[in-house]
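Close look at the chain arrangement
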Amino acid sequence: MIKTEHKQEYYQALIDKNTDYEGLFYVGVKTTGVFCRPTCPARKPKFENCEFYETAKQALLASFRPCKRCRPLSHPNQVSEVVQMLVEAIEEQPEKRWKDMDFRQLSIDASTARRQFKKRFGMTFVEYARARRMGIAMKQIRAGENVIEAQLTAGYESSSGFRDAFSRIMGSAPSLMGSSNILKASWLDTPLGPMVAIADDEALYLLEFVDRRGLEREVERLRQRTKSAIIPGYTQPIHSIEHELNQYFDGKLTHFLTPVCYLGSPFQQKVWEQLRQIPIGETRSYLELATTIGRPTAFRAVAQANGANQLAIMVPCHRVINSNGDLAGYGGGIARKQWLINHEKQIGNK
Ligand SMILES: [Zn+2]
């Protein structure tokens, strides 16, 4: 996460086109919707229109597209043609789900493409395409309901691809779906990075970090199980969780009270309920958790249920670690898990 003082420093580096900062940060420009490297030759944006990111993926997920002048997705002195071609192909159809077959149509060898992409950006081409696609859906969510309503009324702007990308991830617009249920999704900024919250008027269904691996699949599962379309907007449970998260990050909240709806098997729900019984500031092993629910031999299933949790932070799956003290995995990334455990120790000690 980028602290305020770093933002000033990065902004100065941006103005100076300081090459020392190459690779350390990317800047998203709110007015143009593109993201750049520090040394971009284009006219520099005002500070208040800049958002800073440590990785290109974060910028993509925040809905920025790569700048055509500084090409932030290529090595500064060495633009790979294959990589460039792929980035451009994605920009033409940002909503598309890419498969190996598509590489062949571009006369690109899939394994070469995969290798080069991974080497440059630390993510595969498919991950890149997914981040870009997800970012577009997130853009709508960040823009909020008023903007969406305006667009629905006026007809979507220019590229219909953007609308497709949104509806493929979040479901068709309600008007096209007849009498379906509607869930609303909001973007929540936290000190650990942006999260997305999805809820109806009664309960919260999903709370996840935007860059969580597998988020798109989770959203899809949620849509199918609830037979719902998802549109940007706020409901009472979203207001509630936003308020509670702020308090939690301020160290002033130990129990979340926002009503939730669990979409899982009875076993999974039991595990999730049990997770919420772990006192703040403490951790448990998978085995301990399995024992608590009376299924000491089922710790693998418990670990799976733990991983299937869709309500990050609130249902504290981050409080479960390996018996030997290792942190084990976390859908939102190990650094976040460590941060949450440390943060909660401080709250617990108060
Ligand atoms: Zn640029």
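Details of the structure are given in the entry above.
A quick note: this is a predicted structure, and the numbers were derived from the prediction, not measured.

So, on to the environment of Arg-71. Within the secondary structure, Arg-71 is located in the loop between strand E4 (65–66) and helix H3 (81–92). Taking the relative accessible area as the measure of exposure, Arg-71 reaches 31% and is therefore partly exposed. Placed 35 residues apart in sequence, Arg-71 and Cys-36 show a C-alpha to C-alpha distance of 7.1 Å.

Taken together, the protein donors to the zinc ion comprise Cys-36 (SG), Cys-40 (SG), Cys-67 (SG) and Cys-70 (SG), at separations of 2.2 to 2.4 Å. Around the zinc ion sit 4 donor atoms; with metal-centred angles ranging over 104 to 123 degrees, the donor geometry is tetrahedral. The sequence pattern formed by the donor residues of the zinc ion is C-x3-C-x26-C-x2-C. Both residues of the pair, Cys-67 and Cys-70, count as buried.

In the structure shown here, the tally under the stated rule is 12 aromatic pairs. Where Tyr-248 meets Phe-256, the ring centres are 5.5 Å apart and the plane angle is 40 degrees; that geometry is what we call tilted. For the pair formed by Tyr-248 and Phe-256, the shared burial category is buried. Aromatic pair Phe-249 and Trp-339: ring centres 5.7 Å apart, planes at 50 degrees, arrangement tilted. Placement of Phe-249 in helix H10 (residues 236–249) and of Trp-339 in helix H14 (residues 334–349) is noted, with a sequence separation of 90 residues between them. We note Arg-336 situated over the ring of Phe-209; from NZ or CZ to the ring centre the distance is 3.9 Å.

As a further point, take helix H9 (residues 215–226). Since one α-helical turn is 3.6 residues long, residues separated by three or four positions face the same way. The terminal C-alpha atoms of H9, which comprises 12 residues, lie 16 Å apart, in line with the 16 Å expected from a rise of 1.5 Å per residue. Those residues of H9 that fall on the buried side of the exposure criterion are Leu-215, Glu-216, Glu-218, Val-219, Leu-222, Arg-223 and Thr-226. Looking down the long axis of H9, one finds its buried residues gathered within 160 degrees of arc, a one-sided arrangement. For H9, the exposed residues lying more than 90 degrees away from the buried face are Arg-217 and Gln-224. Following H9 by one or two positions, Lys-227 has its phi on the positive side, about 50 degrees.

Next up on the list: the side chain of Lys-44. Mapped onto the elements of the fold, Lys-44 is located in the loop between strand E2 (34–36) and strand E3 (50–53). There is a polar contact of 3.0 Å between the side chain of Lys-44 and the backbone oxygen of Leu-14. If we skip the residues at most four places from it in the chain, Lys-44 touches Leu-14, Ile-15, Lys-17, Pro-38 and Thr-39.

Overall, mixed pairing links the 4 strands, which are arranged E7-E6-E5-E8 in an open sheet. Every interior strand has two partners, whereas the edge strands, strand E7 (204–209) and strand E8 (228–232), have only one. Here the strands of the sheet are splayed against their neighbours by 20 degrees on average, with no regard to which way each runs. Here H9 sits on the sheet in contact with strand E5 (181–188), strand E6 (195–199), E7 and E8, set at roughly 175 degrees to E7.

Here we take up the pairing of E6. Within E6, 5 of the 5 residues are buried, leaving the element largely enclosed by the surrounding structure. Residues of E6 alternate between two faces, with Met-195, Ala-197 and Ala-199 on one and Val-196 and Ile-198 on the opposite face, all of them buried. The sheet contact formed by E5 and E6 spans 5 bridges and is antiparallel. By the bridge assignment, Ala-185 is partnered in E6 with Ile-198. In this structure, the hairpin formed by E5 and E6 is closed by a connection of 6 residues, where Gly-193 is found at a positive phi of approximately 110 degrees. Relative to E7, E6 is paired through 5 bridges, and the arrangement is antiparallel. Of the residues in E7, the one forming a bridge with Met-195 is Phe-209.

Criteria and cut-off values
Residues numbered from 1 in each chain as written. Predicted model: local features only at pLDDT ≥ 70, side-chain atom pairs only at ≥ 80, totals over all residues. Heavy atoms only, no water. Helix = DSSP H or I, 4+ residues; strand = E, 2+ residues; numbered from the N terminus. Buried < 20%, exposed > 50% of the residue type's maximum accessible area, 1.4 Å probe, protein only. Donors = N, O, S within 2.8 Å, 3.2 Å for Na, K, Ca; no water. Tetrahedral: all angles 85-135°; square planar, octahedral: opposite > 155°, others 65-115°. Phe/Tyr/Trp six-rings, centres within 6.5 Å; stacked < 30°, edge-to-face > 60°. Lys NZ or Arg CZ within 6 Å of the ring centre and 35° of its normal. Expected span 1.5 Å × (residues − 1). Arc of directions from axis to C-beta. Polar contact = N/O pair within 3.5 Å; in protein donor to acceptor, adjacent residues only side chain to side chain. Contact = heavy atoms within 4.5 Å. Pairing = 2+ DSSP bridges. Axes fitted to C-alpha atoms, helices over the stretch in contact; angles between N-to-C directions.

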